[in-house]
Amino acid sequence: MIECKNLSYNYQDFQLNTIEVLKDISFKIDKGEKVLLLGINGSGKSTLLKLLNGLLYAKSGEYYFKNELVNKKYLKANSKDFRKSVSLQMQDPSSMLFNPTVYDEIAFGLKHFGFESVDERVYHYAKVFEIENILKSSPLSLSGGQKQKVLLASLLCVEPEVLLLDEPTAHLDPPTTGWLVEFLDSLDVTALISTHNISLGKELAGRAIVIGINHEIVYDGEVQALLEDMPTLIKAQLVHKHKHAHEGVEHKHYHLHSWT
Ligand SMILES: Nc1ncnc2c1ncn2[C@@H]1O[C@H](COP(=O)(O)OP(=O)(O)OP(=O)(O)O)[C@@H](O)[C@H]1O
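Going by what an unreviewed UniProt entry lists, the chain is known as ABC transporter-related protein and is assigned to Sulfurimonas denitrificans. UniProt, in the comment section headed Subcellular location (unreviewed entry), describes the chain in these words: "Cell membrane".

Shown next, in the form of structure tokens:
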């Protein structure tokens, strides 16, 4: 479904220095596969998701979607189909909510992509995400968790084939996080899910891709094997040290659990 071959990307800072953020990234994701995307702050996860959503173009290397090379020419010719098929949830939900009401927000994509029974679908997804009571509210007046739910409802209602999720549980409370994890598990969709909450790893996906501190892939394999691979976790800085006591003896050692 998705294939990246030797993708690289860089930005320029305000002094026009080149900043490498993705180096020689290669992987394949099959249809229906759910994959975690892990890496420290600034390792390049959001940039990779934007490349896969066609918001950015690779500086070198190739990106194939359903065996088609995704470049400017492809996107010009297939923009609508591609946008309907590949949905990106950006890290900050506020940056993606622009309609006057929650109802309009969910209906927007449905109307844009020519779905029938828009009203019925909006109410269906509002029910699924338990946001029926805020359909008339302005998205900007909502809490972080409510915004996240509205955004996910507006993306999922057009039934994308690929979901690119950038920290989908970031604004959610523990019960809503649990609900979302189960909900994603129930979806028959291909997904690449960026998260810092490694403790949710096994619930979210079977496979993990880890981008290391040098912006290269340092691991691509089973989540469970990664969780048992302390040298790789330390190398990619996916574990933390903090002080705590066992039987009254205070000490520090590496921990995998999330802080949240
Ligand atoms: N538009 C931009 N212009 C210049 N530099 C950028 C831009 N967007 C991101 N960067 C830089 O690229 C690097 C990778 O950023 P990116 O957001 O992809 O990382 P990330 O792994 O998603 O981080 P986080 O876990 O903090 O969300 C960072 O150093 C960031 O400062």
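Moving on to the pairing of strand β2 (residues 18–29). As judged from the 8 bridges shared by strand β1 (residues 2–12) and β2, these two strands associate in the antiparallel manner. By the bridge assignment, Tyr11 is partnered in β2 with Ile19. In sequence, β1 turns back onto β2 through a hairpin of 5 residues, with Leu16 there showing a positive phi of about 65°.

The ligand sits among 13 residues. The nearest are Lys45, Ser46, Thr47, Gln91 and His196. The separation between an oxygen atom of the ligand and a polar main-chain atom of Ser43 is 3.2 Å. One of the side-chain nitrogen or oxygen atoms of His196 is found 2.8 Å away from an oxygen atom of the ligand. Protein contact buries 63% of the 640 Å² of open area that the ligand shows by itself. Broken down by element, the residue count for the shell around the ligand peaks at 3 residues, all from helix α1 (residues 45–52).

In this section: the UniProt feature "domain: ABC transporter" (unreviewed entry) in the chain. Sites flagged by UniProt as "domain: ABC transporter" (unreviewed entry) map to residues 2–239. Annotation note: span residues 2–239, helix share 36%, strand share 26%, distance between end C-alpha atoms 29 Å.

Sheet architecture is open: 4 strands sit in the order β2-β1-β4-β5, paired in antiparallel fashion. The sheet is open, and its two borders are formed by β2 and β5 (68–69), each paired with just one other strand. Running at roughly 55° to strand β4 (residues 60–65), helix α2 (residues 72–85) makes contact with β4 and β5 of the sheet.

Moving on, we come to the packing of helix α3 (residues 102–112) against helix α4 (residues 118–128). Relative to each other, α3 and α4 sit at 130°, their axes nearing to 9 Å. Here α3 is positioned oblique relative to α4, judged by the angle of their axes. The two elements α3 and α4 meet at a crossing, and its hand is right-handed. Contacts between α3 and α4 involve Tyr103, Ile106, Ala107, Leu110 and Lys111 on the former and, on the latter, Val118, Asp119, Arg121, Val122 and Tyr123.

For the rest of this paragraph, the subject is the sheet that holds strand β7 (residues 162–166). Spatially, the 6 strands line up as an open sheet ordered β6-β7-β8-β3-β9-β10, and their pairing is mixed. The sheet terminates laterally at β6 (86–89) and β10 (217–222), the two strands that pair on one side only. The average undirected angle you get between the axes of adjacent strands in this sheet is 15°. Bridge analysis of β7 against strand β8 (residues 190–194) gives 5 bridges, and the strand direction is parallel. Across the sheet, Asp166 pairs through a bridge with Ser194, a residue of β8. Here α2 sits on the sheet in contact with β6 and β7, set at roughly 60° to β6. Relative to β6, helix α5 (residues 144–156) is tilted by about 175°, and along the sheet it contacts β6 and β7.

So, on to the packing of aromatic side chains. Summed over all chains, the structure comprises 8 aromatic pairs. With centroids separated by 5.0 Å and ring planes inclined at 75°, the aromatic side chains of Tyr9 and Tyr11 adopt a geometry described as edge-to-face. By relative accessible area, Tyr9 is classed as buried at 8%. Aromatic pair Phe65 and Phe82: ring centres 5.5 Å apart, planes at 90°, arrangement edge-to-face. Here Phe82 lies in helix α2 and Phe65 lies in strand β4, a separation of 17 residues in the sequence. Comparing Phe65 with Phe82, the two get one shared label, buried. The rings of Phe65, Tyr74 and Phe82 are connected pair by pair, giving a single aromatic cluster. Above the plane of the ring of Tyr9 lies Lys59, whose end atom (NZ or CZ) is 5.0 Å from the centre.

Here is what the cut-offs are and how they apply
- Residues numbered from 1 in each chain as written.
- Predicted model: local features only at pLDDT ≥ 70, side-chain atom pairs only at ≥ 80, totals over all residues.
- Heavy atoms only, no water.
- UniProt positions renumbered as here; feature names shortened; annotations may be inferred.
- Pairing = 2+ DSSP bridges.
- Helix = DSSP H or I, 4+ residues; strand = E, 2+ residues; numbered from the N terminus.
- Near = heavy atom within 4 Å.
- Polar contact = N/O pair within 3.5 Å; in protein donor to acceptor, adjacent residues only side chain to side chain.
- Areas by Shrake-Rupley, 256 points an atom, 1.4 Å probe, with all protein chains shown as cover.
- Contact = heavy atoms within 4.5 Å.
- Axes fitted to C-alpha atoms, helices over the stretch in contact; angles between N-to-C directions.
- Parallel < 35°, antiparallel > 145°, perpendicular 65-115°, else oblique.
- Left-handed = near helix turned anticlockwise from the far one by under 90°.
- Phe/Tyr/Trp six-rings, centres within 6.5 Å; stacked < 30°, edge-to-face > 60°.
- Buried < 20%, exposed > 50% of the residue type's maximum accessible area, 1.4 Å probe, protein only.
- Lys NZ or Arg CZ within 6 Å of the ring centre and 35° of its normal.

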